[in-house]
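# Residue-level structure breakdown
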Amino acid sequence: MSHIMSDESILASLDEIIANEESDDEFISDLFVFDDEEEIVQSDNEEETEVSFPTHQPKVIVPQKINKDMFIPNFKWKSGTPFQPKVHQFCSAKSGIQKEFELNSNSTILDFFEALVTPFLLGKVAYETNEYFRQNNVMSSRDTSWYDTTSEELYLFISIQMLMARNKKLEIADYWSTDPLLYSPIFGKTMSRNRFQLLLRYIHFCNNNNQIKNDRLFKIDMVLQDIKNNFRSAMVPFQNLVIDESLVLWKGRHSFNQFIRTKRHRFGVKFFILCDVETDYILDFIIYTGKTTRLVSCDANLGQSGAVVKTLMKRYLNKGHTLYTDNWYTSPILSMYLHKKKTNTCGTVRCNRRGMPPFKKTKFQPGQTESKHTGKMLTIKWMDRREVHMLTTIHEDEQLPIQKHGKITMKPKCVKEYNENMGSVDKTDMLLSSVECVRKTIKWYKKIFFHLIDLSLLNAYSSYKTVTGNHIPIAQFQIELIRQIIEKYHTNRLTKSRPPTKDQPSKLIDRHFPSEVPATQSGRLARRRCQLCKKNNKRTDTRYMCTECDVGLCAAPCFSIYHTTKC
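Anyway, here's the lowdown on the structure attached to this text. Note that the structure is predicted; figures quoted are calculated from it, not measured.

### So, the side chain of His204
Along the polypeptide, His204 turns up in the loop between α7 (193-202) and α8 (221-234). Setting aside residues up to four positions removed in sequence, His204 forms contacts with Val125, Glu128, Thr129, Tyr132, Lys219 and Tyr445.

Right, here's the structure in full:
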C-alpha cells in the first residue's frame, strides 16, 4: 500500500538522520528527552534500527526484533583519539551533618542515636504495641502481668537487645540465669526476664485492621519511612556516592527472599543501599519485594536497575556527585541519563549491554587494554586475571603504575579509583557483623526492625566521627551508647531481684557473715524466710540473712550448715 513505507525507505531515513547529526550526543538527545518528570521519550523509529560495526567490517543493516518500548542507540563510539571527559563540578560547602539536628562536639553518643531513632518514633511503636496486645485474643498466664509500654522502656528494650550481641548465649532465658557460669546481673537490673519476653512477643509496628492489599512491607512500613526520612535529612553527602546490595539473613519461607552468592549472608531480604563514600553514611535504601518494589516510574530503556538508581539518586541529581556502581546497574543509557542530570558515573559494565561498542575478540595479554569513547563516555576493556570492562564519564584514558606482589603493573585509573570507592556498602556489612543485634525470630518484620536499629547505630557512629573527629572503634561506641541509655532511662521499678535458684560454689570458699535483715521504711523490724528451713519443708522466719548470698538464714545452725554444705 502506498501509505506504508518500505523497509528500504525507513533505513534510508535513518541514515540521513545520523549523517545530519553533528555528534552522537545530539543524536542521543533526540532519542530520549529528559523533562521535569524524568520520563524518557523514545524515537519514532522503533521497529528497525541501524547497528554499527567496527570500521574494518562492512556496514550491515540488520532488522532488530525488540520491545516496542525499547531502542538500540548508536552512540558513535570512536577510538584512536584522546578523550577529554566533561566533568561536572561539585561544591562540598554544605556537606556534613545538618545544623537543625543541633549535633556538635559536645553532644553525647546517645544524642546522635536519638537523632535517628527518635523518641517520637518509639512512641508510635509503643502505641501500636499496646494496641496489638489489646487486640490479641490469646492470653497466657504470663500475659496477665502486662502493662502499657512507653518510648522510654523501648529504649531500654533496644539497649538490652544490643547488649545481647556482646554477651553471646544460646537462649534468651540464659541472660537472666543465676547460674554462676552464666550469671550477668546487668540484664536483671535493667529489665526483668518476663517483661523483656513480653515486649519481644508483642512489639508491633502497624494496625492490622488497616492492612493494604499487596503491600508486602505494610507490617514495618511506619518504622521504615521514619528511619529513611531521618537518614536523608540528617546528612548532606560529599562528592562520591556508591550503590550496592546488602542482604539481611532470613532462611524462613518468604515471598521475596533472595540469594546472592558473594554476600556474607547468602539468603535473605535484599536491600539496595546508597552510601556516602567519605563517611560510610547510609543515605537511603530500598527493600526488594519483587514486582511490588517501591521504585519511581521507569521505562524499558533503563530497566529495573536504572529504576533503582533513579529512585535512590532522586534527591542528589544536578549537584555534581560522582556515582560508582557495579555491572548490574551500569549501562551507556544510564550513564547518559545521569550525565544530563549533572552526575558523573564510573563502574564496571557488561560487554553485551545495549549501546556498548564491540571490542576485538582476540585474547588479550595481562595488562593489555583497548578503549573507545564518545563525546562524554569512555569504555575500556582491560585484561587482569579475566576481562574487565569499565564505563566512565569522569576519567581520562590513562594508566597508573601499581605495585603488586613486588612487581610494577599498569592499571587504568578508572579501575584504581573504582576499587578505592566501591567497597563502602561491604564495609558497613563488615562493621555490623560483630555488633548487630539481630536474633533469630519467626517474624520477618521484627528482624527487619532490628536491622534498621543496626543501620541507625552505624549512621550514628558515622555522624559521631564526622562531627567530633573522634575515631573510636564501633564496638566501644556501642558499649557507650548502651551505658548512656541505661543511665538515662533506667528506673528502680525494674530492679526487683530474686534469690538464686541454684547452688553457688563461692559460698563454700568465700568469707560470709550474718547480718540483720534491714528494717522497712516504716521502721518495723523485717524478717525473711530461712532458705535452709524452706528446703526442709519448714516454715521459719528469721531476722538474720547472708548479704553476699542474698538469702535469709537462721543464725544457728542454718547459717553454718548452708555455708559448709553443698545443698
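### Quick notes on the nonpolar core
Residues Ile220 and Val223 are the most contacted members of the largest nonpolar core, which totals 123 residues. At 13 residues, the largest contribution of residues to this core is made by helix α13 (residues 444-468). Listed in part, the eleven residues of the second largest apolar core include Cys549, Cys554, Cys558 and Tyr562.

### Thoughts on the sheet that holds strand β18 (residues 551-552)
Pairing in this open sheet of three strands is antiparallel, and the strands run β14-β17-β18 from one edge to the other. The sheet is open, and its two borders are formed by β14 (514-516) and β18, each paired with just one other strand. Here strand β17 (residues 544-546) runs beside β18; their pairing, made up of two bridges, is antiparallel. Within β18, the position partnered with Met545 by the bridge is Gly552.

### What about the side chain of Thr393?
Secondary-structure assignment places Thr393 in the loop between β11 (387-392) and β12 (399-404). Judged by relative accessible area, Thr393 falls into the buried class, the value being 0%. At 3.0 Å, the side chain of Thr393 forms a polar contact with the backbone nitrogen of Thr345. Not counting the four nearest positions on each side in its chain, Thr393 is found in contact with Pro85, Lys86, Ser335, His339, Asn344, Thr345, Lys376 and Met377.

### Comments concerning the pattern of salt bridges
A full pass over the atoms with the stated rule returns 16 salt bridges. In this structure, the salt-bridge partner of Glu131 is Arg134, at a minimum N-O distance of 3.2 Å. One end of the pair, Glu131, and the other, Arg134, are both in helix α4 (residues 119-135), three residues apart, so they sit about a helical turn from each other. Taking the relative accessible area as the measure of exposure, Arg134 reaches 48% and is therefore partly exposed. Across the pair Asp221 and Arg294 runs a salt bridge, and its minimum N-O distance is 2.5 Å. You can see Asp221 sitting in helix α8 and its partner Arg294 sitting in the loop between β6 (282-287) and α9 (303-313), a full 73 residues away along the chain. Classification of Arg294 as partly exposed rests on a relative accessible area of 34%. What emerges from the salt-bridge pattern is a single network uniting Glu131, Arg134 and Asp148.

### Observations regarding unusual backbone geometry
Keep in mind that most residues, glycine aside, have a negative phi and that most peptide bonds are trans. Note that the residue after Ala556, namely Pro557, is joined by a cis bond; omega there is 0 degrees. In this structure, Pro557 sits in the loop between β18 and α16 (558-562). If you check the backbone angles, Glu102 has positive phi at about 55 degrees while not being a glycine. Turning to its location among the elements, Glu102 is positioned in the loop between β1 (96-97) and α3 (109-114).

### Topic: the pairing of strand β10 (residues 378-383)
Within β10, six of the six residues are buried, which leaves the element mostly enclosed by the surrounding structure. In β10, alternate side chains face the same way, and those of Leu378, Ile380 and Trp382 on one face and Thr379, Lys381 and Met383 on the other are all buried. In sequence, strand β9 (residues 369-373) turns back onto β10 through a hairpin of four residues. As paired strands, β10 and β11 are joined by six bridges and run antiparallel to one another. Bridge pairing links Lys381 to His389 in β11. Adjacent in sequence and paired antiparallel, β10 and β11 are bridged by three residues.

### Quick look at the pairing of β9
Within β9, four of the five residues are buried, which leaves the element mostly enclosed by the surrounding structure. Note that β9 and β10 share five bridges and pair antiparallel. Following the sheet pairing, His373 is matched in β10 by Leu378.

### Concerning empty space enclosed by the protein
Within the structure shown, the criterion is met by three cavities of 30 Å³ or more. What the largest cavity holds in volume is close to 40 Å³. Of all the secondary-structure elements, those providing two or more residues to the lining of the largest cavity are β7 (322-325), α10 (332-340) and β8 (344-348). Of the residues assigned to the lining of the largest cavity, the class counts are four nonpolar, five polar and no charged.

### Quick word on the packing of helix α12 (residues 424-433) against α13
A pair of packed helices is captured by two measures, namely the crossing angle of their axes and the spacing between those axes. Direction vectors running N to C along α12 and α13 enclose 105 degrees, while the axes themselves pass 11 Å from each other. Here α12 lies roughly perpendicular to α13, going by the angle between them. From α12, Thr428, Leu431 and Leu432 reach across to α13, where they touch Asp454, Leu455 and Leu458. Class assignment of the residues belonging to the contact of α12 with α13 gives a composition of four nonpolar, one polar and one charged.

### Points about α9
Across the eleven residues that make up α9, a large majority, nine, are buried. Looking at α9, one finds that the buried residues are Ser305, Gly306, Ala307, Val308, Val309, Lys310, Thr311, Leu312 and Met313. Contacts made by the buried residues of α9 are with β3 (240-249), β5 (267-276), β6, β7 and α10.

Criteria and cut-off values
Every chain's residues receive numbers from 1 upward, in the order its sequence appears when written. Restriction of local features to residues with pLDDT of at least 70 applies here, the model being predicted, together with a cutoff of 80 or more for giving and counting side-chain atom pairs; totals for whole chains, interfaces and linings are based on all residues. With hydrogens and water set aside, each side-chain value is computed from the structure's full complement of heavy atoms. Helix numbering and strand numbering both begin at the N terminus, where a helix is a DSSP run of H or I of at least 4 residues and a strand a DSSP run of E of at least 2. Contacts: residue pairs with any heavy atoms within 4.5 Å of one another. Among buried residues, those of type Ala, Val, Leu, Ile, Met, Phe, Trp, Tyr and Cys that are joined through side-chain atoms within 4.5 Å constitute a nonpolar core. Partly exposed describes any residue whose relative accessible area lies between the buried limit of under 20% and the exposed limit of over 50%, with all areas from a 1.4 Å probe on protein chains only and scaled to the type maximum. At least two bridges found by DSSP between two strands is the condition for calling them paired. Whenever two N or O atoms come within 3.5 Å, that pair is a polar contact, provided that in protein one can donate a hydrogen and the other can accept it, and provided that, for residues adjacent in sequence, both atoms are side-chain atoms. Here, a salt bridge means any side-chain nitrogen of Lys or Arg that lies within 4 Å of a carboxyl oxygen of Asp or Glu. Every definition here rests on a 1 Å grid over the protein atoms only: cavities are sets of points where a 1.4 Å probe fits but cannot get out, pockets are open sets enclosed by protein on both sides within 12 Å along at least five of seven lines, and lining residues have some atom within 4 Å of a point. Grid points are joined across faces, edges and corners, and a volume is the space filled by probe spheres set on the points. Three residue categories are used. Nonpolar comprises Ala, Val, Leu, Ile, Met, Phe, Trp, Tyr, Cys and Pro, charged comprises Asp, Glu, Lys and Arg, and polar comprises the others, including Gly. Axis definition: a line fitted to C-alpha atoms, limited for helices to the stretch in contact. Angles are taken between N-to-C directions and run from 0 to 180 degrees. Here the angle decides the label: under 35 degrees means roughly parallel, over 145 means roughly antiparallel, 65 to 115 means roughly perpendicular, and every other value means oblique.

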